[in-house]
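Below are the chains, spelled out letter by letter.
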Amino acid sequence: MDSQIAEQLVGSLKLLVPEAILIAAACVLFVGGTIYRCRTTWSVSALIALALAFLAWWWGPAADARPPSVGLVAFTPLASFVSVLSLGAVAVVVLSAWNQVPESFTAEFHACLLVIAAGTMLVGAANDLLLLFLALEMISIPTYVVLYLPRRDARNQEAALKYFLLSVFASAIFLFGVSYLYGLAGTTNLTALSVALPIQRDSGFDLLLGLALVLVLAGLSFRVAAVPFHFYAPDVYQGTVPVCAGLLAAIPKVAGFVGILVVLNAALGLTSAESWFPQVRNVVTALCWILALASMTLGNLLALLQSDLRRLLAYSSIAHAGYVLAGVGAASASSGSGGQEAVLFYLFIYAAMTLGAFAVLGMLNLAERPVEAVEDLAGLWQTRPVAALTMAVCLFSLTGLPPTAGFWAKLYIFLSAWATESVLYRVLAVALAVNAAVAAWYYVRLVAIMYLRPPGREVTIPSDRPGLVGAMICGVFVLAAFLFPGWLWSASRQAVPVPDPSVQAGLGWERAVARDR
Amino acid sequence: MSDLDVALRIVPALPLVGSILTAFLGNRLLGSKSHLPVVVGLAGAVLFSFMVLVEAPGSGRISTSYDFVDLGNLHINVVLRADALTAMMLVTVNLVGFLVAVYSRGYMAGDPGYARYFAELGLFVFSMSMLVLSSNFLLLYVFWEAVGLCSYLLIGFWYERPSAAAAARKAFLVNRIGDAGFLLGLMLMWTTFGTLDYDGVFRQVEQADPATLTAICLLLFTGAIGKSAQFPLHVWLPDAMEGPSPVSALIHAATMVTAGVYLVARSTPLFVASPTAQLIVAGIGGFTALLAALMALTQFDLKRVLAYSTVSQLGLMFLALGAAAGQPKLAEFAVVAAVFHLFTHAFFKALLFLAAGSVMHAMGDVIDMRRFGGLRRLLPWTHALFLVGALALAGVVPLAGFWSKDEILAAVHEASHGPYPGFFTVCYYTAVLTTFLTAFYTFRAYFLTFWGEERVPEEAHGHAHESGWVMLVPMALLAVGAALAGILFGPTHLFAEYLGKTPIFATHGEEHGLNWTVMMTSTLAAGVGIGLAAWLYVLSPSLPERLRRSLPGLYELSSNRFYLDELYGVLFVGPATMLSNFCRLFDQYIVDGVVDLVGWVPGAVGRVFQTPQNGLVQYYALATTIGLAIFLVFVVLTLRG
């Protein structure tokens, strides 16, 4: 038995090579940054580390050939999906941070980004609630530093502090929920959880499980900025620099939603044919419905009123959290609705389009010419046509208009909500469509300002090539994924966690659980 | 995927990629090299389309499909197919497109919109390739609109000129009328057959109700009338000459305007089943051929003469397409004649337009034939190449136009021995008369431009010069086509045999030998036309003026294009303007009011919700806690029992 565990541990370690590369590189950057200060060196090093991690993932055993793991980490297609998403998103952030961070902090900043990338990858791979928690903290803690580094003025410090306080609060709520789950199942292992809970379906645990899941959901809703856990978003986005706002909009949202899917799958078996706690599942479905409706409606209505660009995009990110929650709710309402794949697809596209928009803002934002108000974009088409075009593509995608991938993403969420065949969710699908129409008003207004207004101030903007490249990668991706959505869609479909009966039956979890208790 | 599948995808993809590269990199990075991606892409497309040409007919047809969206009930599949007809069109489009792009390298040099021009050109060739590669009527319609859009963009290329903007608008609007008919035809087709796939539709022709079939054919033909500028929707094409000359050569002579001919040829199984529709096609075609030829007689704008000539030649093609009315056995011969004329016409008409562009280039953008003349010494190469094109258009042995026009005349002559002898006899003599008029107006333009005393307008600033090799070489290659395409493929039956492999021809007709009577008649007509033009415009140049004064009414009628534009102005444009004014008022006061209200409501609601966002972090934590508490209470209340 011991040798088996050791074998499994060694096997898992082999699969953790990409994360290990990232962490090792982060250590090099942290130490090296104190000795040698050079923007280009450390940015390029960070990109190389990300590329190496990608290659390690690529040359690692294929997702389906990996042994089903019952340990701390599980190498499922979901882990692969999240890995690619995380590496790509962080690479774009590195590019757009290239010239946006003071030279003296470049190494630290990029080191933190590498840790965030590793943390996000672990969220996808975590097979244990505690590792999930640790992975989420591996994202949060470097984020505090990242928020703090680029600028030292009062506004930035206030933003970083606000995020820190509220994030700690949310982590506590999440951990509280996790403790309930442990109390119910006697284990924190997610595979074990998915075996232990159905056994006790008639034990009258409904209320406790419901409370546990609500607490977990609430803790993760902070990460995804869903109403009513969204209050920090507009203030923090506005206070910090655009690069960090983009990071906040993309990475924690991906991690939070993946976490939600992982926990709900283990606790309620979203894809399994029989649902073992139908009552609890109904409650979760209802909660998701409320959260989704509130987030998208409130986010869009408040975005309408904003004249500050980053606040506007913050409310827009709240609204997008609402759209994704509709997909989560649809998955919870009916196993055949395709909600989970729609959520994963949406997250991939959302990360690209929101990072692209913030990357453009970042490359235009200078100390002597800050781009803050909506009006500051006036005439961008004449001064920086490529940036304006990229921004327009990302905004159209956020609106959900063809020919951008945002259209497919919204369509899939809409169809999954419709496919639940529940009246409430069909109402939600309609509300989603109405919300998308309302949102079009403020997105298209930005495009109109960029293209139709004459440039306001004549300032020669030094070209920020890495930032532009980062933005263009996002823009091109969003267009390409419209034309060729098939591969991403099938990848999302494969990434949906499926309960593996061989794991559940073959490894004697029932006995193990019984003994533990 | 076999090699051919790949080739089918590459042919449209290369111009598209070139177009996108130029659009994004053009102005800043490529600058005066913006033509490179499109020219290289088109060169590749030409090679691959020849590959398709060689391979396609062997297996009847080849096809490849691309799943655009595959999601449960939502399934969008793009299917490309190539048979002999498509392969022939594909080669024509890409070859002429490539030559025109090379020519444009010289013609458009230094234009501020250089990159935009090539991006739009690449987009057009992509759309046109997709149009002929489509495997169903819906996809064909999508790209039918796409080529219309490209045509609109390129006619209005110099959009700062009011005349160009107006011409682009006119082309777009007139085409909408045709397209509306086309769309109705598609709907009727869908309700009748339940499919829009070529094979699916053609399989069910036998079972369909004849009246419905005629309606479908006529609606499809409406679309063809608009795109191919046939009476009564021909008015946009002459105005479209406001675009750059290479665009006129490619889009408004060689390729896009022939899309209507392609549509009717592609739908042969439908039209064969409806003699009524075929008679109407032939009638409109014949009438347009004569009408446009009459209009061309008195134009002084060199490009407009060529534009009316295009309308007239397209009319001849439609005449041939309708010639099989009541004689299904004749269908293959007639359709092949029409497509053969389409093929040769692409070469010599593109050549003529490019030569006209070369003249325009040398004359400082003056195109009025009254302001220059005797250019044969100044522009020796252009003169020689224009002459080749003019001889081909006039139908002089042994140039291309002679053989293809002769096949059309032979087909119509054959038709007059069928069930509608009277109708087709009239058509035949109309076509012969058109042949005579064609030769006359073509050589009128030729003599006015290149003969007589040498005159150069002051816009040329005294340094009128021959165009560079980059413009002359593509013209020379087209001239080779204009000279040889007929005799190589016509009398040898190579073209007919090749096209006969297209699966649309169910019943193969008998071999048709050379019809000597028709040949002699048409040669005579062409000779008389050229002779008359030489007499009037070279030997006694004062005669046309006296003629004009002695026949004022007829002259005015022709030079004012039978007042059709004015008639449309009174009948359609006037009422439409009034209606639009009314709509504008309605929009301004009622619709805008409602929209403003709709826009105001979310803002007002949002303001209410904005209050809690006060910037205090402890308040946020409290609000979060309250939210969480509400959820917990909700859970407890629901799950307690």
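Right, let's walk through the structure included here. Here the structure is a predicted model, which means the values were calculated and not measured. (Residues numbered from 1 in each chain as written. Chains lettered and ligands numbered in written order. Predicted model: local features only at pLDDT ≥ 70, side-chain atom pairs only at ≥ 80, totals over all residues. Heavy atoms only, no water.)

### What to know about the interface of chain A and chain B
Consideration 1: Across the boundary between the two partners, chain A contributes 47 residues, which contact 33 residues of chain B.
Consideration 2: Area buried by chain A at its contact with chain B is led by Leu207, Phe231 and Leu305 of chain A, which between them contribute 17% of it.
Consideration 3: On inspection of chain A and its partner chain B, the count reaches zero salt bridges.
Consideration 4: Here chain A and chain B share one residue pair in polar contact (both at pLDDT 80 or more) between them. (Contact = heavy atoms within 4.5 Å. Buried area = accessible area lost by both parts, 1.4 Å probe. Salt bridge = Lys/Arg side-chain N within 4 Å of Asp/Glu carboxyl O. Polar contact = N/O pair within 3.5 Å; in protein donor to acceptor, adjacent residues only side chain to side chain.)

### Considering the packing of aromatic side chains
All names here are of chain A.
Consideration 1: One pass over the full model with this rule turns up 58 aromatic pairs over all chains.
Consideration 2: When the centroid spacing of 6.1 Å and the interplanar angle of 10 degrees are considered together, the rings of Phe133 and Phe174 count as stacked. One end of the pair, Phe133, is in helix α6 (residues 129–148); the other, Phe174, is in helix α7 (residues 154–185), and 41 residues separate them in sequence. Phe174 carries the same exposure label as Phe133, and that label is buried.
Consideration 3: Within the aromatic cluster, the residues linked to one another by ring pairs are Phe345, Phe407, Trp408, Tyr412, Phe482 and Trp489. (Phe/Tyr/Trp six-rings, centres within 6.5 Å; stacked < 30°, edge-to-face > 60°. Helix = DSSP H or I, 4+ residues; strand = E, 2+ residues; numbered from the N terminus. Buried < 20%, exposed > 50% of the residue type's maximum accessible area, 1.4 Å probe, protein only.)

### Thoughts on the nonpolar core
Consideration 1: Core analysis: the largest hydrophobic core is formed by 211 residues, its most contacted members being Phe137 and Leu270 of chain B.
Consideration 2: The element contributing the most residues to this core is helix α15 (residues 331–362) of chain B, with 24 residues.
Consideration 3: Each of domain 1 (1–135) and domain 2 (136–559) of chain B gives at least three residues to this core.
Consideration 4: Residue contacts for Leu270 of chain B: discarding those within four places in its chain leaves Met189, Phe193, Val201, Phe202, Val205, Leu213, Ile216, Cys217 and Leu220 of chain B.
Consideration 5: If you look at the next biggest cluster of nonpolar residues, it comprises 206 residues, including Ala53, Met121, Leu184 and Phe345 of chain A. (Core = buried A, V, L, I, M, F, W, Y, C linked by side-chain atoms within 4.5 Å. Domains from an automatic or database assignment.)

### Focus on a nonpolar patch on the surface
Consideration 1: Judged by side-chain polarity, Leu579, Phe582, Leu585, Phe586, Tyr589, Ile590, Val594 and Val598 of chain B come together as a nonpolar surface patch covering roughly 860 Å² of accessible area.
Consideration 2: Turning to its location among the elements, Phe586 of chain B is positioned in helix α24 (residues 564–610). (Patch = residues over 30% accessible without salt bridge, like charges linked within 9 Å, V, L, I, M, F, W, Y side chains within 5 Å. Areas by Shrake-Rupley, 256 points an atom, 1.4 Å probe, with all protein chains shown as cover.)

### Re unusual backbone geometry
Consideration 1: Omega for the bond connecting Val227 of chain A with Pro228 of chain A falls within 30 degrees of zero, at 5 degrees, which places this linkage in the cis form.
Consideration 2: Inspection of the secondary structure puts Pro228 of chain A in the loop between α9 (206–224) and α10 (232–239).
Consideration 3: In the segment running from Pro402 of chain A into Pro403 of chain A, the intervening peptide bond is cis, with an omega of 5 degrees.
Consideration 4: Looking at the element boundaries, Pro403 of chain A is found in the loop between α16 (385–399) and α17 (405–419).
Consideration 5: You will see that Ala229 of chain B, though not glycine, has its phi angle at about 55 degrees, which is positive.
Consideration 6: Among the structural elements, Ala229 of chain B can be located in the loop between α8 (210–227) and α9 (236–239).
Consideration 7: Relative accessible area serves as the criterion here: at 0%, Ala229 of chain B is assigned to the buried category.

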